[in-house]
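Commentary on secondary and tertiary structure
Listed below are the residues making up each chain.
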Amino acid sequence: MNGPALEIAHLVRSGQRSAMAVLQATLARVRERDPRYNCFTAVTEARARQEAAAIDARRARGEALPPLAGVPYAVKNLFDIADEVTLAGGRVNAANPPARRDARLVERMRDAGAVLVGALNMDEHAYGFTTENSHYGACRNPRDPSRIAGGSSGGSAAAVAGGLVPLTLGSDTNGSIRVPASLCGVFGLKPTYGRLPRTGSFPFVGSLDHLGPFAASAADLAAAYDALQGQDPDDVACAQRPIEPVLSALADEARPLRAAVLGGYFTEWAGPQARRAVDIAARALGADACVELHGAAQARSAAFVITAAEGGALHRRRLVTHYDYYEPHSRDRLVAGSLVPAAWTQQAQRIRHRVYREALALFEDYDVLIAPATPVPATPIGADWLELAGRQLPTRASMGILTQPVSCIGLPVCTAPVWPRAGQDDHLPLGVQLIGAPWRETDCLRAALVLEQAGAAQALPL
Amino acid sequence: MTQETIDQYVRSALALAGYALREPAAAEVARQFSRIHEIASSFVDEPLSADLESASVFRP
């Protein structure tokens, strides 16, 4: 089990390479490649040099180094970075005062020895699935720069796919980790709702917001996730659960995974490449059975309504005063959301509970459920519509049609990059969701590792 | 619910919420609201069991 991040940490810990040398190479790569992809909105070079120097100094003193020592990483620009303005993709936030301290997960990455290189592009306020940001420019897919990177954590996925940094952090309210991971061909983890604290991140929809990592291998993803775990009383939604290390469990766990394909809604809204990606994953995981989550369509609807209402309510006062500053792609959806009657959102929350109960029953027989992460591969930048199941759907709101039902009920999901190699987009990846029972991130990551080791999923280097 | 009812609701709610949008923006908001209504209609009138009642997390 390895990956670019764990390899760097090994080299730094063993003294074969300094953290500063790793950082210099990373900064050179960012300068050389990012003009093609537009992943970064800020490079925190001075801070990165301080953090790298501190790691090298600790090694020089003979101290044991932490697990991600010297590993460069970057974060979606909704994470607070001390002394930087938290943009959350919005021009309307550009005049805000700088953050006074790091987000909790940035603190944990620093404690794990990782070196923060910068902040990453996203859809404004995380309301979109394409990262076509009108203020900071579209993020381009490293697999094909004419295509979207997906969103809203587009910069986070593209920065890993383009080889700029080996680890990034993003957020996922309705699919914003899983959609860009799928379209850019990298691994992404959306943990169970409440597993990781959101303290110090710009909120979007409090009852649906999750944070998580991206990586180029399942092992790297597990290592990052392990560094991020822990309770936090400052986020009331953060569960009071002990840390459950995954990386060591991946190596030790011998129990075979029971996997099934999630059909019905998830097949109905899947294009041909998405179905092929699921077939490839199912074969590698020995998943012969196909099961249904009958409430999936309603869960998606509930997520849509809760998102509209909570997101709209969060921004209403500033939309009233600063409407023109907001992203043209999403501001009217936000305004419309701010008008949603409370009875609709209350009913949507009840639907969540019902579908959650239905999902729990599936996990009595299976550890992991497989579904496509996106209905289609990456669409061209600027494409307003996509055709799916004989219907024209708005791309920016619909690319998450297969992720929304799952995050609505808070289940952990690892997205693994599959290469269907079919159809006119045969150069593009399409990820599968590996969905686990609540708090069973280990099963999701084990399934990703099985796919990777079988050659069924891979974050191909450029 | 008819489109006319939705348009009337949106324009009244916009005023109630303090918005003063130009006409094209108000029309687009009405179109977006209509889509939310269509999506919500799969469950808003469904009788649901009281044991599904939820509350947002509050820890004093």
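Each chain has its residues counted from 1, following the order in which its sequence is written. Each chain is given a letter, starting from A, and each ligand a number, starting from 1, according to the order in which they appear as written. With pLDDT at 70 or above as the cut-off, local features in this predicted model cover only qualifying residues; side-chain atom pairs require 80 or more to be listed or tallied, and sums for whole chains, interfaces and linings still use all residues. Excluding hydrogens and water, the side-chain values take into account all heavy atoms of the structure.

**Brief notes about unusual backbone geometry**
All names here are of chain A. In the segment running from Gly151 into Ser152, the intervening peptide bond is cis, with an omega of 10°. Strands here are runs of E lasting at least two residues and helices are runs of H or I lasting at least four, both read from the DSSP assignment and numbered beginning at the N terminus. Secondary-structure assignment places Ser152 in the loop between β7 (144-148) and α5 (154-161). Even without being a glycine, Ala88 presents a positive backbone phi close to 50°. Mapped onto the elements of the fold, Ala88 is located in the loop between β2 (72-76) and α4 (104-111). Phi at Ala389 takes a positive value of approximately 50°, unusual for a residue other than glycine. The topology assignment puts Ala389 in the loop between β14 (385-388) and β15 (391-394).

**Notes on the nonpolar core**
Residue and element names in this part refer to chain A. Counting 178 residues, the largest nonpolar core has Phe40, Ile370, Val432 and Leu434 as its most contacted members. With 10 residues, helix α11 (residues 296-322) is the largest single contributor of residues to this core. Whether two residues are in contact is decided by their heavy atoms: any pair within 4.5 Å suffices. Those residues within four positions of Phe40 in sequence are excluded, and the remaining contacts are Val30, Asp34, Ala74, Val117, Gly118, Ala119, Leu120, Ala159, Leu164 and Val165. Side-chain atoms within 4.5 Å link the members of a nonpolar core, which is a set of buried Ala, Val, Leu, Ile, Met, Phe, Trp, Tyr and Cys residues. Partly exposed residues are those whose accessible area sits between 20% and 50% of the maximum for their type, while under 20% is buried and over 50% is exposed, using a 1.4 Å probe and protein chains only.

**A closer look at the packing of helix α10 (residues 272-285) of chain A against helix α16 (residues 441-453) of chain A**
Residue and element names in this part refer to chain A. At a closest axis distance of 9 Å, the pairing of α10 and α16 adopts a crossing angle of 95°. In this view, α10 runs roughly perpendicular relative to α16, as classed from their interaxial angle. Side by side, α10 and α16 meet where Ala281, Ala284 and Leu285 of the first sit next to Ala447, Val450 and Leu451 of the second. For every element, the axis is a line fit to its C-alpha atoms; helices are fit only across the contacting stretch, and the angle between N-to-C directions ranges from 0 to 180 degrees. Should an angle lie under 35 degrees it is considered roughly parallel, over 145 roughly antiparallel, and from 65 to 115 roughly perpendicular; all remaining angles are considered oblique.

**Description of helix α1 (residues 3-17) of chain B**
Every helix has an expected span of 1.5 Å times one less than the residues it contains. In this model α1(B) runs 21 Å from its N-terminal to its C-terminal C-alpha over 15 residues, within 8% of the 21 Å that 1.5 Å per residue would give. Every buried residue of α1(B) is accounted for by Ile6(B), Val10(B), Ala13(B), Leu14(B) and Ala17(B). Looking straight down α1(B), one finds its buried side chains confined to an arc of 105°; they lie on one side. Projecting away from the buried face of α1(B) at angles above 90 degrees are the exposed residues Glu4(B), Ala15(B) and Leu16(B). For α1(B), the secondary structure elements touched by its buried residues are α11 and α12 (331-337) of chain A together with α2 (23-40) of chain B. Once α1(B) finishes, Gly18(B) follows within two positions and takes phi at roughly 95°, a positive value. What the arc describes is the spread of directions from the helix axis to the C-beta atoms.

**What to know about the interface of chain A and chain B**
Tallying the contact residues gives 37 residues for chain A and 32 residues for chain B. When two parts are brought into contact, each loses some accessible area as probed by a 1.4 Å sphere; the total of that loss over both is the buried area. Here chain A and chain B share an interface that buries about 3100 Å² over both sides, 62% of which is from carbon and sulfur atoms. When the buried area of chain A at its contact with chain B is split by residue, Leu339(A), Trp344(A) and Gln347(A) rank highest and sum to 22% of it. A side-chain nitrogen of Lys or Arg and a carboxyl oxygen of Asp or Glu constitute a salt bridge if their distance falls within 4 Å. Viewed at the interface, chain B and chain A are joined by 3 salt bridges. Across the salt bridge formed by Arg22(B) and Asp324(A), the nearest N and O atoms sit 2.9 Å from each other. Polar contacts here mean pairs of N or O atoms no more than 3.5 Å apart (in protein, one a potential hydrogen donor and the other a potential acceptor; neighbouring residues in sequence count only if both atoms are side-chain atoms). Seen at the junction of chain A and chain B, the total is 11 residue pairs in polar contact (both at pLDDT 80 or more). The set of elements that each furnish at least two residues to the side of chain A that touches chain B consists of α11, α12, α13 (342-362), β15 and α14 (395-398) of chain A. A class-by-class count of the residues in the side of chain A that touches chain B yields 19 nonpolar, 9 polar and 9 charged. By the convention adopted, Pro, Cys, Tyr, Trp, Phe, Met, Ile, Leu, Val and Ala count as nonpolar, Lys, Arg, Asp and Glu as charged, and the other residues, Gly among them, as polar.

**A word on empty space enclosed by the protein**
Residue and element names in this part refer to chain A. Here a cavity means grid points, on a 1 Å grid over the protein atoms only, where a 1.4 Å probe fits yet cannot get out; a pocket means an open set of points with protein on both sides within 12 Å along at least five of seven lines; lining residues are those with an atom within 4 Å of a point. Grid points are joined across faces, edges and corners, and a volume is the space filled by probe spheres set on the points. Counting across every chain of the model gives 6 cavities of 30 Å³ or more. Approximately 130 Å³ is the volume found for the largest cavity. Taken together, 14 residues form the lining of the largest cavity, with Tyr127, Phe129, Asn174, Arg333 and Gln404 sitting closest to its centre. Taken together, the residues of the lining of the largest cavity sort by class into 6 nonpolar, 6 polar and 2 charged. Of the volumes computed, that of the second largest cavity is approximately 60 Å³. Contributing to the lining of the second largest cavity are Leu78, Ala126, Ser171, Thr173, Arg198, Ser201, Phe202, Pro203, Phe204, Asp209, His210 and Leu211. Here the lining of the second largest cavity is built from residues that sort into 6 nonpolar, 4 polar and 2 charged.

**A word on the layout of surface pockets**
Residues and elements named next belong to chain A. Estimates place the volume of the largest pocket at around 790 Å³. Looking at the lining of the largest pocket, the element that brings in the most residues is α13, giving 5 residues. In the lining of the largest pocket, the residues fall into 12 nonpolar, 10 polar and 4 charged.

**Points about the environment of Ser207(A)**
All names here are of chain A. Structurally, the position occupied by Ser207 is in the loop between β9 (187-190) and β10 (210-215). A residue is classified by how much of its surface remains accessible, and Ser207, at 16% relative accessible area, is buried. Only 3.4 Å separates the side chain of Ser207 from the side chain of Gln349, close enough to count as a polar contact.

**Digging into the pairing of β2(A)**
Working note: regular strand, side chains alternate between the two faces of the sheet. All names here are of chain A. Counting buried positions over the 5 residues of β2 gives 5, a clear majority of the element. Two strands form a pair only when DSSP identifies at least two bridges running between them. As paired strands, β2 and strand β3 (residues 115-120) are joined by 5 bridges and run parallel to one another. Note that in β3 the partner of Lys76 across the bridge is Leu120. When the strands point away from the viewer and the connection leading from the first strand across the helix to the second strand turns clockwise, the crossover is called right-handed. Once the chain exits β2 it traverses α4 before rejoining the sheet at β3, and the crossover so formed is right-handed. Direction of pairing for β2 relative to strand β8 (residues 167-172): parallel, over a ladder of 3 bridges. Each bridged residue has a counterpart across the sheet, and for Ala74 the counterpart in β8 is Thr168.

Everything listed is a geometric property; what it means functionally is a separate question.
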